[in-house]
Structures are given as structure tokens and as C-alpha cells.
Amino acid sequence: MSNIISKQLDDYRRLDGHLLGWERGLVGQGHQATLIDHEGAITTFNWRSPKEPIAGDQITVVLPSKGDGARAGRPILILNHTTGDRHEEVSKAKPASTRDIMLWLAVWVIVAFAVTAAICFYANTFEIKVIVLVAAALVNWRLAIATRDIKTSEKTSLRRLEEEAVRAEVALSIWEENPRSRLPRIDILYDANGPIEYQQTA
């Protein structure tokens, strides 16, 4: 079963089901796991949890599904109801603070003005005008970069808050839905065409 959780920046997809199987990935890339939900839909995602997946475990996976920050197949949350394990993954690196961005801007502007003043001291009138215009253009260019960095930082911070809110929302809803502390592992029976039957173990 798939539920869409909509937020301001991204949409997230909650998948409830069990692990059908997995393939070992390269070091640092995680494994390619396959989840089959209660309606029979199959979804492949990246399993980067420190513990290896076990086929038949009942899990909940939350995947970004829409938005410029969405990373397909890379869940922000994996809850294993059989083992009790929980794995969280942040989709973006820690954003730069506005203070750091403005500090580097101030240093850059001071250096630019100092170099411009030193050159102007030895230049004639026409050269001074050209140098001042070039310096002003460079400062405006650096201001535009700083403005973009601040907007990116704010958006990244908001996305991290949204992801945390989604994790908390999903964890709370699961706690309310499931009175038991653990769910049993599913036995998967196969034939030549693939899985044919699912049975809960005692």
C-alpha cells in the first residue's frame, strides 16, 4: 500500500509491505532491495542501513517522490517491524549558514576594494573609472552568488525540517496502528515464475 505525504517542497511516498529480496551493492552504495506491498506492487529502493536486509521482513519505507530535492530510490526512512531496526537518511548535506555566507562575502568585498584602491593610486583618471566599474561589477556578481547561496541554504534547511516532520508523522502513525512491538517475518514460497505464496511465520 502506498500513501502520498505532501509537503511544501517535496512529496513523499510511504510504502508498507515486506522485503521480497535484495542484491548486494558496491561498498558505500548500499544494496538494491525490493519491497512488495500488500496490494502486490513491487518497488526497488536503495538499502543503506548498516544491517543487511532479510527477505520476508515486514517494513515501512518512505521515499521522496516529487520535488527538486527528490532522489529516486533513496529512502529517508526505513522501519523494520520484524527486527525493530530504524534507519534514517538525510537526502541533502548540511546547509551552509547565512553567517558563513555573509562572512565570505564581506572578506571578498574587502579584498576587492583594497586591490582596486591600490591600483587606482597609480592609475590615471580614465583607468580609474574603468577599474571602479569593473570592481563594482565584480561586487554585484559576488552579491548575486551570496543571495543564491542564502536561498539554497534556506531551502535545504526547510527540506531537512520537512523530512524530519515526515519521519515523525510516519513513526507516530505506525505506533498508533500497530499495538504489537514486532511483526512476524513472512515466508516466501517460489516456483519457476517467481513468488507464489506468502505465509506469516509463527
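Everything here concerns the structure above.
Residues numbered from 1 in each chain as written. Predicted model: local features only at pLDDT ≥ 70, side-chain atom pairs only at ≥ 80, totals over all residues. Heavy atoms only, no water.

A.B. asks: Explain the overall build of the chain residue by residue, including any values.
C.D. replies: On a plain count of helices and strands, the chain comes out with two helices and nine strands. Scanning the chain from its N terminus toward the C terminus, one meets helices and strands in the order β-β-β-β-β-β-β-α-α-β-β. Burial statistics for the chain: of 202 residues in total, 38% are counted as buried. A total of about 12,400 Å² of accessible surface is found on the chain, and carbon and sulfur atoms cover 59% of it. (Helix = DSSP H or I, 4+ residues; strand = E, 2+ residues; numbered from the N terminus. Buried < 20%, exposed > 50% of the residue type's maximum accessible area, 1.4 Å probe, protein only. Areas by Shrake-Rupley, 256 points an atom, 1.4 Å probe, with all protein chains shown as cover.)

A.B. asks: Hey, could you go over the pairing of strand 4 (residues 42-47) for me, with residue numbers and the actual values?
C.D. replies: Bridging between strand 3 (residues 31-37) and strand 4 involves six bridges; their strand directions are antiparallel. Pairing of A33 across the sheet is with F45, part of strand 4. Turn length for the strand 3-strand 4 hairpin, with the two strands adjacent in sequence and antiparallel, is four residues, and the turn residue G40 shows positive phi of about 95°. (Pairing = 2+ DSSP bridges.)

A.B. asks: Residue-level account of the environment of K51, with values.
C.D. replies: Structurally, K51 can be placed in the loop between strand 4 and strand 5 (58-66). In sequence terms K51 and D85 are 34 residues apart; their C-alpha atoms lie 8.5 Å from each other. Polar side-chain contacts of K51 include one of 3.2 Å to the side chain of D85. (Polar contact = N/O pair within 3.5 Å; in protein donor to acceptor, adjacent residues only side chain to side chain.)

A.B. asks: Can you break down the nonpolar core residue by residue, with the values?
C.D. replies: Among the nonpolar cores identified, the biggest contains 10 residues, and these are L15, L19, A33, L35, F45, W47, I59, V61, L63 and I78. Going through the elements one at a time, strand 2 (11-23), strand 3, strand 4 and strand 5 are the ones with two or more residues in this core. No other element matches the three residues that strand 5 contributes to this core. I5, V62, I76 and V166 belong to the second-largest nonpolar core, a separate cluster that totals nine residues. (Core = buried A, V, L, I, M, F, W, Y, C linked by side-chain atoms within 4.5 Å.)

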